[in-house]
Amino acid sequence: MEIEAEQPQQSCRIGADAVLSLQPNSSISIAYHPFFGPHDDLILLELDEKLLPDVLHQRVTLRGQPDEDGVLCTMSKTYAIKFVGTSNSVLLIPPSDQSVLCGNTQDCDEKDHDKKLVAPVIKVAPGIMELVEIAPKMDRLKMLLSENPYTFDDVLITEELGGMEKNNSNLYRWDDLIDKVQASDCELRSGLQALSAVEIDGYWRVVDENYMAGILNMLLHNSVLNDWSLNALDEIEVVGVLQSDGFPHKIVHHCLQVYGSKEDSGMWRLDEKRVCVHFARGILRGGKMRIENFMAEWMRKIPEGMQASFEMLEGEVLIEKLGIETWVHSFSVSSLPSAPAERFSMLFRERPKWEWKDLQPYIRSINLFLTLTDYKSIIYNL
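From a predicted model like this one, the values you see are computed outputs, not experimental measurements.

Draft legend 1. Region of the structure containing the overall build of the protein. For the protein, the helix and strand inventory stands at 14 helices and 18 strands. Classification of the 382 residues of the protein by burial places 37% in the buried group. Here the contacts in the protein between residues at least 6 apart in sequence split such that 68% fall between residues at least 24 apart. Accessible surface, the protein: about 22,700 Å² in total, of which carbon and sulfur atoms supply 52%.

Okay, here's the thing in structure tokens:
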């Protein structure tokens with residue numbers, strides 16, 4: 001191709017469409033556009049073909065705070081934006097309707113055979129932006145919601161104020177969260193579900209674990225008093241009884257969602273594993289225990305009719321040998337950072353050596369941008 005530094009006097013200026021339709025073994029001249037310059041507001045973005053419909057139909061957003069690197073989010077995924085420099089010259093040519101005609105328009109129509117077609121270059125791009133799929137920043141969500149968990153005090157304040165306006169500092173609506181958390185909408189909803197968050201008066205909250213424990217204990221107590229089956233709980237009856245005990249309707253329903261599942265019949269069934277893990281966490285909150293003492297207390301705590309097994313606690317506890325004794329202590333995967341590097345760092349602070357069967361529950365849910373071979377202290381049981 002021929003590059004001309006000066007504006008041609010006898011040529012018809014065309015745009016990008018003509019360049020794209022250029023036939024094989026044909027050529028076209030290029031020249032500087034009258035508005036040629038750095039144009040820092042124009043950036044090339046390279047896209048995977050599967051992302052093109054989302055971008056063209058404006059189904060993507062850029063998210064991030066001023067002190068963060070921005071990310072691009074579709075409805076379901078999050079992408080880091082990386083600048084990649086190019087060694088070749090990448091020329092930007094505007095569309096035909098934005099090009100400037102040089103010379104007489106009539107001449108262009110009638111005497112094209114005497115004139116050269118010229119593509120005007122408006123900018124030389126130094127590189128392109130690439131998208132790299134990344135894990136959503138769920139640690140940020142966890143931090144925001146943990147600032148002000150929902151407690152029994154919130155219930156009392158709501159009752160005292162009635163319809164009066166409350167202090168909603170450190171509380172976040174959906175729009176606040178999508179502004180502050182680098183995650184797609186689908187990933188954000190999944191993160192809220194994983195944290196057992198609930199929307200209360202328009203704000204997303206996590207319920208204080210002691211308050212949740214109190215609701216569950218009251219539910220189990222009333223199941224004994226009222227002869228309720230834990231496999232067939234009537235929501236209306238359960239909510240009515242617990243409301244009379246001072247628990248809000250919304251929180252009682254949330255308790256059923258956290259510890260149970262709704263059957264096709266419309267009745268609720270408490271999930272055996274979730275309930276048993278809840279009581280195990282409560283027991284180990286006090287610290288390390290001999291495993292036989294822990295198991296004995298755990299069996300006393302769980303509701304009648306439920307069967308607890310140590311396999312339920314995968315990713316929740318660690319066991320260690322101290323002499324001839326076996327001890328158990330709490331180490332929940334839910335307390336670990338979601339970023340792979342930070343998670344591995346915490347894991348190896350906990351233990352300098354891991355067997356694969358012990359490590360697997362703690363890395364199963366993350367995208368491994370780090371390879372396990374970088375950590376020489378892992379012992380593989382193959």
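Draft legend 2. Main features of the sheet that holds strand β15 (residues 317-322). With respect to topology, three strands assemble into an open sheet ordered β14-β16-β15, the strand pairing being antiparallel. On the outer flanks of this sheet lie β14 (289-290) and β15, each paired with one strand and no other. Sheet topology note: the β15/strand β16 (residues 325-330) ladder contains six bridges and is antiparallel. By the bridge assignment for β16, V317 is matched with S330.

Draft legend 3. Molecular detail of the nonpolar core. Grouped together as the largest cluster of nonpolar side chains are 43 residues, with contacts concentrated most on Y211, I215, L233, Y259, L270, F294 and W298. When residues of this core are traced back to their parent elements, those giving at least two are β10 (197-200), α8 (209-225), α9 (235-244), α10 (249-259), β13 (268-270), α11 (272-284) and α12 (291-301). Ranked by residue count, the leading element in this core is α11, at seven residues. Beyond its immediate stretch of four places on either side in the chain, F294 contacts A280, I283, L284, M289, F310, L313 and V328. Counting residues in hydrophobic clusters, the runner-up holds 15 residues, among them I178, A183, L192 and W204.

Draft legend 4. Representation of the side chain of R205 within the structure. Mapped onto the elements, R205 comes out in strand β11 (residues 203-206). Overall, R205 belongs to the buried group, its relative accessible area being 5%. Only 3.2 Å separates the side chain of R205 from the backbone oxygen of N148, close enough to count as a polar contact. In terms of polar contacts, R205 uses its side chain to reach the backbone carbonyl oxygen of P149, at 3.4 Å. In contact with R205, not counting residues within four places along its chain, are N148, P149, Y150, D154, L171, S196, A197, V198 and I200.

Draft legend 5. Representation of the pattern of salt bridges. Applying the stated criterion to the full structure yields 15 salt bridges. In this structure, D185 and R63 form a salt bridge, with 2.8 Å as the shortest nitrogen-oxygen distance. Residue D185 is located in helix α7 (residues 185-194), and its partner R63 is located in strand β5 (residues 61-63); the two are separated by 122 residues in the primary sequence. Side by side, D185 and R63 carry an identical accessibility label, which is buried. Here E263 makes a salt bridge to R269, at a shortest N to O gap of 3.7 Å. Of the residues examined, E263 reaches a relative accessible area of 29% and is grouped as partly exposed. On the basis of relative accessible area, R269 is assigned to the partly exposed category, the value being 35%. Linked through salt bridges whose partners overlap, the residues forming this network are R351, E355, K357 and D358.

What counts and what doesn't
- Residues numbered from 1 in each chain as written.
- Predicted model: local features only at pLDDT ≥ 70, side-chain atom pairs only at ≥ 80, totals over all residues.
- Heavy atoms only, no water.
- Helix = DSSP H or I, 4+ residues; strand = E, 2+ residues; numbered from the N terminus.
- Buried < 20%, exposed > 50% of the residue type's maximum accessible area, 1.4 Å probe, protein only.
- Contact = heavy atoms within 4.5 Å.
- Areas by Shrake-Rupley, 256 points an atom, 1.4 Å probe, with all protein chains shown as cover.
- Pairing = 2+ DSSP bridges.
- Core = buried A, V, L, I, M, F, W, Y, C linked by side-chain atoms within 4.5 Å.
- Polar contact = N/O pair within 3.5 Å; in protein donor to acceptor, adjacent residues only side chain to side chain.
- Salt bridge = Lys/Arg side-chain N within 4 Å of Asp/Glu carboxyl O.

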